[in-house]
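Residues per chain, in single letters:
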Amino acid sequence: MATIKIKQTGSPIRRTKDQRATLIGLGLNKMHKVSELNDSPEVQGMIRKVRHMVEVQG
């Protein structure tokens, strides 16, 4: 299965609780942290929810 790397570029300060929880679900909790996950529809939906705070690297 294909994998994608996601890097956190935005701070969760002053964000809603569900956006913070989504970042944690993606394995991100600190600025500039990179997480490698399987590319699935669930992960794509989570990325869309916090797309203003993450960067997809490939």
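Figured I'd write up the structure that's included with this text.

Definitions and limits used
- Residues numbered from 1 in each chain as written.
- Predicted model: local features only at pLDDT ≥ 70, side-chain atom pairs only at ≥ 80, totals over all residues.
- Heavy atoms only, no water.
- Pairing = 2+ DSSP bridges.
- Helix = DSSP H or I, 4+ residues; strand = E, 2+ residues; numbered from the N terminus.
- Axes fitted to C-alpha atoms, helices over the stretch in contact; angles between N-to-C directions.
- Buried < 20%, exposed > 50% of the residue type's maximum accessible area, 1.4 Å probe, protein only.
- Contact = heavy atoms within 4.5 Å.
- Polar contact = N/O pair within 3.5 Å; in protein donor to acceptor, adjacent residues only side chain to side chain.
- Arc of directions from axis to C-beta.

## Some points on the sheet that holds strand β2 (residues 34-38)
Now for step 1: The strand order across the open sheet built from 3 strands is β2-β1-β3, with neighbouring strands paired in antiparallel fashion. Both edges of this open sheet fall to β2 and β3 (54-56), since each of them pairs with a single strand only. Across the sheet, the mean angle separating the axes of adjacent strands is 30° when strand polarity is ignored.

## Comments concerning the environment of Ser35
Now for step 1: With respect to the helices and strands, Ser35 occurs in strand β2.
Now for step 2: The exposure class of Ser35 is buried, given its relative accessible area of 9%.
Now for step 3: Here the alpha-carbon distance between Ser35 and Gly45, two residues 10 residues apart in the chain, equals 16 Å.
Now for step 4: Those residues in contact with Ser35, other than ones at most four positions away along the chain, are Ile4, Lys5, Ile6, Leu26, Gly27 and Leu28.
Now for step 5: In this structure the side chain of Ser35 is engaged in a polar contact, spanning 2.9 Å, whose partner is the backbone oxygen of Leu26.

## Considering helix α1 (residues 17-25)
Now for step 1: Within α1, burial applies to Gln19, Thr22 and Leu23. Each buried residue of α1 lies within a common arc of 100° when the element is viewed along its axis, so the set occupies one face. Turned more than 90 degrees off the buried face of α1, the exposed positions are Lys17 and Ile24.
Now for step 2: Following α1 by one or two positions, Gly27 adopts a phi angle in the positive range, close to 85°.

## Overview of the pairing of strand β1 (residues 3-8)
Now for step 1: Only one face of β1 is covered, namely the face carrying Ile4, Ile6 and Gln8; the face carrying Thr3, Lys5 and Lys7 is uncovered.
Now for step 2: Looking at chain direction, β1 and β3 are connected through 3 bridges and run antiparallel. Looking across to β3, one finds that Ile6 is bridged to Val56.

Interpretation note: all reported values are geometric properties and have no functional meaning in isolation.
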